[in-house]
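# Structural characterization, general
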Amino acid sequence: MPDGVAKPLDDGRGAGDADARVTAAATAGPPSSAHRRFAPTLRRQLLLWLLLPQLVLWLAGGLAAYQLAERYTNAAVDASLLQASRALARQLRPLDNGLLIDFPRAAQDVLEADPDDRLHYMVSTPPGAFILGNHQLPLPPAAVMARPPIGQPYFYDALLPPANDEVGARQPLRVAALFLRQGGRDDPNAVLLVQVARSRTSREELARGILWDTLLPLAGLILLMTTVIWLGIRAGLAPLLRLRREVEGRAPTDLAPIRLDAAPGEVHALVMAVNGLLAAVQHNLAQQKRFISDAAHQMRTPLAGLKSQAEVALALAGDDAQRERLRRVHESADRSAHLVNQLLTLARAEPDTAAARGSPVDVRALAQELTATLVPRALREGIDLGFAPVEEEGSPVGEIAADAPDAAGNGNGNGNGNGNANANAIAIADEATDSAAITTPTEAPPLVVIGHAWLLREALSNLIDNALRYAGRGAVVTVDVQRDGDEAVVSVTDDGPGIAPEDSSRVFERFVRATDQGNGCGLGLPIVKEIVERQGGRVTLAPVQPRGLCARIHLPLAPAT
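Attention here is on the structure that accompanies the text. (Residues numbered from 1 in each chain as written. Predicted model: local features only at pLDDT ≥ 70, side-chain atom pairs only at ≥ 80, totals over all residues. Heavy atoms only, no water.)

## What about the overall build of the chain?
Selection criterion: Only DSSP runs of H or I reaching four residues or more are called helices, and only runs of E reaching two or more are called strands; each is numbered from the N terminus. Each residue's exposure class comes from its accessible area (1.4 Å probe, protein chains only) as a fraction of the maximum for that residue type: buried when under 20%, exposed when over 50%, partly exposed otherwise.
The helix and strand tally for the chain stands at 11 helices and 16 strands. Within the chain, the fraction of its 561 residues that count as buried is 36%.

Below you can see the structure in the form of structure tokens.
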């Protein structure tokens, strides 16, 4: 029952160009997941612009806090060094011919008691000439030595080399230098240099402690502010998210305007522009639909007249050549009329049908009624058309069957028993006397779906029409409706030639046919797919062994009330 080999309809306007445009559009497609992941978003930019300055300010605050802590620790250490240098200077008394140093050993032990924070000292006179203490203590800079500030302390940083020429790192020191007048008889202007130093390690540890005590609360505050900002951005962008969900949740044919109350004020202009575009697209689609409908209606009358005249001329024709030409004219007119009807159905099934709410439809009753309607046509074409019984236990249903005599004249279908395959309870048989027998079936449980009855009827009619057109004389076509979980499955099975597996997906494209036989136009299966998908279902094709094809329509069942 194919309706679709690659024979695209060429309307003279460049089908190749159209295919190229479709291919280009498909290639452009939606952006990849990696591109979406790294694409800039409004939320990401807001977080960046709000959190980055906070991070910079946090780092700047940490640097300022460290410098401030270092300044205060330096001041504290300098004060202690100045106090120690003055205390040491008071132990030095000038004599007429020398210098009295009143510095007992116990006092030295107190100064040098802590090995981790040892206090270093040196007394020299003239400055640089060692008298007492640690002779490795670095002197003040040369400029200070050249013009010593008498009575004023001078503070500087220096590095103390390892003791006794040992190998090791130099120890950083903070040194206080105090220049004093010695005032001896021999040289009243002699200068005495008192130096007291302490390791910078304790000072740096104190500065780092102050830094961490400052930065940790600030870091907690930054994290709290970040959380508040993130929540605020999320709440502020929530209307945009609702707007996005409203647009994403729409059906492709839903061209209704977007509600402005779902969008924040900042994007009202954008929403209004999109609504204007949707209105223009809806207007263009309506015009296109009206044009197709009007053109099809205008063509139906002359085509019907052409068919009638061809039938009359065919009946009156004398010679065989003339009858063959008239037969071809009649087939062309019949095919054109079929194409017009298909275009009308396609136009009615498109744009705005899906926007309307469907109603409950019993697909089992619909399929059974439609099968009964098409039985006379199947009889005329020599095809056994029947409705399969219900497989549900306790719910038997009869079958409508048309058993057509085969070419050999057997009255049982096709001579091998196929004529009885579809005759269970209701039978319409074309026997030698063309008599009809009808048996009333047991009523089957309904299978209710939500949709448009006339559209579903068109879809199923196209499937059965395809089977009758392409299965061939003497074939068996069976219509079956069963329940599969939460779906109603309508299947049309035939034992005709079927279609190649590679054409199973292509036959759903418009104006694509999988065979040169018959007078189809390549729109039957596309119409079925269009209708079923707009009803929320899907269409599948599957081969039948040893030969044939089974087309299935899957529709979601209506929720139980």
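The discussion continues.
## What to know about the side chain of Asp480
Stated formally: Note that His is not counted, nor are the chain ends; the positive residues are Lys and Arg, and the negative ones are Asp and Glu. Within this document, salt bridges are pairs made up of a side-chain nitrogen of Lys or Arg and a carboxyl oxygen of Asp or Glu, the two lying within 4 Å of each other. Between N or O atoms, a polar contact is any pair within 3.5 Å; within protein, one atom must be a potential hydrogen donor and the other a potential acceptor, and residues adjacent in sequence are included only when both atoms are from side chains.
Here Asp480 is to be found in strand E13 (residues 476-484). In this structure Asp480 is buried but unpaired, with Arg364 as the nearest side chain of opposite charge at 6.5 Å. Reaching out from Asp480, the side chain makes a polar contact with the side chain of Gln482 at a distance of 2.8 Å.

## Overview of the side chain of Thr73
The condition that has to hold: The criterion used for residue contact is that any of the two residues' heavy atoms lie within 4.5 Å.
With respect to the secondary-structure elements, Thr73 resides in helix H3 (residues 42-90). Each residue touching Thr73, except ones within four places of it in the same chain, is listed here: Arg203, Leu206, Ala207 and Ile210.

## Side note on the nonpolar core
Our working rule: Put simply, buried Ala, Val, Leu, Ile, Met, Phe, Trp, Tyr and Cys residues joined by side-chain atoms within 4.5 Å make one nonpolar core.
Residues Val363 and Ile464 are the most contacted members of the largest nonpolar core, which totals 46 residues. Broken down by secondary-structure element, the contributors of at least two residues to this core are helix H9 (363-380), strand E9 (384-387), helix H10 (453-470), E13, strand E14 (487-494), helix H11 (524-534), strand E15 (538-543) and strand E16 (549-556). The residues touching Val363, leaving out its near neighbours within four places in the chain, are Leu447, Val449, Leu456, Val481, Ala488, Val490 and Leu555. Leu81, Leu132, Leu178 and Val194 belong to the second-largest nonpolar core, a separate cluster that totals 14 residues.

## Description of helix H7 (residues 268-316)
Residues spaced three or four apart along an α-helix point in a common direction, a consequence of the helix completing one turn every 3.6 residues. The following threshold applies: Multiplying one less than the number of residues by 1.5 Å gives the expected span of a helix. Fitting axes to the seven residues that end at a residue and to the seven that start at it, the angle between those axes gives the bend at that residue.
With 49 residues, H7 extends 72 Å between its outermost C-alpha atoms, agreeing within 8% with the 72 Å of an ideal straight helix rising 1.5 Å per residue. The largest bend in H7 amounts to roughly 25° and is located at Arg300, with the proline Pro302 lying one to four residues further along. Buried within H7 are the following residues: Val271, Asn275, Leu278, Ala296, Leu303 and Ala310.

## With respect to the environment of Leu47
Note on placement: Leu47 falls in helix H3. You can call Leu47 buried: its relative accessible area is 19%. For the pair Leu47 and Trp230, spaced 183 residues apart in sequence, the C-alpha to C-alpha distance is 7.0 Å. Not counting residues up to four positions away in its chain, the partners in contact with Leu47 are Leu52, Ile229, Trp230 and Ile233.

## Looking at the packing of aromatic side chains
Quick reminder of the rule: In this scheme Phe, Tyr and Trp rings, the latter by its six-membered ring, pair at centre separations within 6.5 Å, and the angle between planes marks the pair as stacked below 30 degrees, edge-to-face above 60, and tilted otherwise. In this scheme, the term charge over a ring applies when either NZ of a lysine or CZ of an arginine sits within 6 Å of the ring centre and within 35 degrees of the ring normal.
Summed over all chains, the structure comprises one aromatic pair. Across the ring face of Tyr72, the terminal group of Arg71 is positioned such that the distance to the ring centre comes to 5.4 Å.

## Looking at the packing of H10 against H11
This is how the line gets drawn: Fitted lines through C-alpha atoms serve as axes, helices being fitted only where they are in contact, and the angles separating the N-to-C directions of these axes extend from 0 to 180 degrees. Relative orientations are named as follows: roughly parallel for angles under 35 degrees, roughly antiparallel for angles over 145 degrees, roughly perpendicular for angles from 65 to 115 degrees, and oblique for any other angle. Crossing handedness: left-handed means the near helix sits turned counterclockwise from the far one by under a right angle, and right-handed means the same turn made clockwise. All residues other than Ala, Val, Leu, Ile, Met, Phe, Trp, Tyr, Cys, Pro, Asp, Glu, Lys and Arg, Gly among them, are scored as polar; the first ten of these are nonpolar and the last four charged.
With their axes 9 Å apart at the nearest point, H10 and H11 run at an angle of 150° to one another. Comparing their axes, H11 and H10 come out roughly antiparallel. Of the two possible hands of crossing, H10 and H11 adopt the one that is left-handed. Residues Leu455, Leu456, Glu458, Ala459, Asn462, Leu463 and Asn466 of H10 pack against Gly524, Leu525, Ile527, Val528, Ile531 and Val532 of H11. Split by residue class, the contact of H10 with H11 holds nine nonpolar, three polar and one charged.

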